[in-house]
Amino acid sequence: MSRRRPRARVAAATAALTLLAPMAACASGDDGGVPTINLYYPPEQNFQQVVDQCNTQAGGRYRIDYRVLPREADEQRVQMVRRLAANDDGMDVLGLDVTWTQEFAGAKWVLEWTGQDRAEVEDGTLEGPLETARHEAKLYGAPKNTNVQLLWYRKDLVPEPPTTWNEMIQMAQRLKEQGQPHQVLTMGAQYEGLVVLYNTLVASAGGNILNAEGTEAAMDEGAVRALEQLRDFATSGVTSSSFSNAMEDPVRLDFQAGNGAFQINWPFVYPAMQEANPQLAEQVAWARVPGIDEGTPGRVTIGGINLAVSSHSKHPAESFEAAKCLRNAESQKFSAINDGVPPTIESVYDDPEMDEAYPMKETILEQLQDPAVRPLTPAYQSISTVMSAILSPPSAIDPPATADELRDAIADALESRGVLP
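Let me begin by describing the structure that accompanies this report. (Residues numbered from 1 in each chain as written. Predicted model: local features only at pLDDT ≥ 70, side-chain atom pairs only at ≥ 80, totals over all residues. Heavy atoms only, no water.)

Of the pockets and cavities examined, the second largest pocket occupies roughly 710 Å³. Taken together, 33 residues line the second largest pocket, and the ones lying closest to its centre are Glu-131, Val-373, Arg-374, Pro-375 and Leu-376. Secondary-structure elements contributing two or more residues to the lining of the second largest pocket are helix H6 (127–132), strand E4 (134–135) and helix H8 (192–204). Here the lining of the second largest pocket is built from residues that sort into 13 nonpolar, 12 polar and 8 charged. (1 Å grid on protein atoms, 1.4 Å probe; cavity = no way out; pocket = protein on both sides within 12 Å on 5 of 7 lines; lining within 4 Å. Points joined across faces, edges and corners; volume = space filled by probe spheres on them. Helix = DSSP H or I, 4+ residues; strand = E, 2+ residues; numbered from the N terminus. Nonpolar A, V, L, I, M, F, W, Y, C, P; charged D, E, K, R; others polar.)

Here it is as structure tokens:
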């Protein structure tokens, strides 16, 4: 049965991108002749210590001032886009979500990393995070941290983790028949989390949402197979009743309460579970996110933050130097151990100090070495908005019809490059 949605719904979702937030207060200027490097970065509990260490290493040549962005990603982007579009020179180093780097580069709001600066960033950095920081073969961001979801499972219920989605569904169905905790918990609400889930399935099926150049909607056979898998999962009887409204933290809490046998979520769930339910935590193990086909591992969508230098910065040289310090191996190790954000520099994973804080580091690294990257285009925010609207609710997906609807909506969204949020 066809499941075409009214175009008005997608149009309304796109229109949401035009909502504006009040502009943040302008940053203070230089202090006593010492350049102030204004760092706009998301909240990270212990990141001020990294900033302090970099200020010490600067030896008075400049001072980094950490200006904490709002917690919500959309609000972060609104603040930065409005100020950059207004040629505000009070911003120097920007912490960009990996999905924004292409947009900011395409709009010429951030400077290219070149020469020795680029060489230092690329040396030893994982290719997946680097791919998110490039635009038209040029580097516009320095990957500071990455992120990747894992399969968390109850080893007291499941001796070995599933390797495919269908196997996981069948395991969950058997547990349900036995009256055991059985649910497969993950994010299915109409937001970026649903797009991430679908992108993971597309990559795992060997498919593509856009063409290689990022200029046209592809929605090939692998993308259709991913729609089939998402629909089959949503209608299998093993999701939570709130799957179509589920986001990261409610999913964590649901699993933490003992309501699931499987959870696909980010690594932040591990320390939270140890603190909130240590008895359950002893029964929880982790593995790679399942694939679509037997013998072919899943490819998981990566997240993270890239550090970029504003085109309007009054101190670009010092800003590039500051950004390199903030994301060097020592800084990344500190942030990984103290704030739980996975490094982008591969050698950090070999450091013995990572063993206790990141017992799942080998699995994380495995997935990071063959990751799924979200569609690389300056129009990604528009594409994500229309995709989440069309994919929701997943149980109503009609694969061929939904693929056609996505192809048309993505083609429209590609024409809205540089649209302000």
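Right, let's talk about the pattern of salt bridges for a bit. Think of it this way: side chains of opposite charge can pair up when their charged atoms draw near. Here the structure, examined in full by the defined rule, presents 22 salt bridges. Arg-61 is the salt-bridge partner of Glu-321, the closest N and O atoms lying 2.7 Å from each other. Of this pair, Glu-321 sits in helix H13 (residues 316–326) while Arg-61 sits in the loop between helix H2 (47–58) and strand E2 (63–68), and the two are 260 residues apart along the sequence. The class for Arg-61 is partly exposed, based on a relative accessible area of 42%. (Salt bridge = Lys/Arg side-chain N within 4 Å of Asp/Glu carboxyl O. Buried < 20%, exposed > 50% of the residue type's maximum accessible area, 1.4 Å probe, protein only.)

Here Leu-210 is to be found in the loop between H8 and helix H9 (221–234). Residue Leu-210 is classed as buried on the basis of its relative accessible area of 6%. Sequence spacing of Leu-210 and Arg-374 is 164 residues, and the spatial spacing of their C-alpha atoms is 9.7 Å. Every residue in contact with Leu-210, bar those within four places of it in the chain, is listed here: Glu-216, Ala-217, Ala-218, Pro-375, Thr-377, Ile-383, Ile-410 and Leu-414. (Contact = heavy atoms within 4.5 Å.)

Here we take up empty space enclosed by the protein. If you roll a probe as big as a water molecule over the atoms, it shows you where there is empty space left. Tallied over the entire structure, the rule returns 3 cavities of 30 Å³ or more. Taken as a whole, the largest cavity spans an internal volume of roughly 90 Å³. Lining the largest cavity we find 13 residues, and of these Val-98, Thr-99, Arg-374, Pro-375 and Leu-376 sit closest to its centre. Broken down by class, the residue content of the lining of the largest cavity amounts to 7 nonpolar, 5 polar and 1 charged.

Right, let's get into the packing of aromatic side chains. Inspection of every chain in the model, using the stated rule, returns 11 aromatic pairs. Ring centres of Trp-152 and Tyr-270 lie 6.3 Å apart, and the angle between their planes is 20°; on these two criteria the pair is classed as stacked. Residue Trp-152 is found in strand E7 (residues 150–154), and its partner Tyr-270 is found in helix H11 (residues 269–276); the two are separated by 118 residues along the sequence. Of the two residues, Trp-152 and Tyr-270, neither departs from the other in class, the shared state being buried. Ring centres of Phe-233 and Phe-243 lie 5.3 Å apart, and the angle between their planes is 80°; on these two criteria the pair is classed as edge-to-face. (Phe/Tyr/Trp six-rings, centres within 6.5 Å; stacked < 30°, edge-to-face > 60°.)

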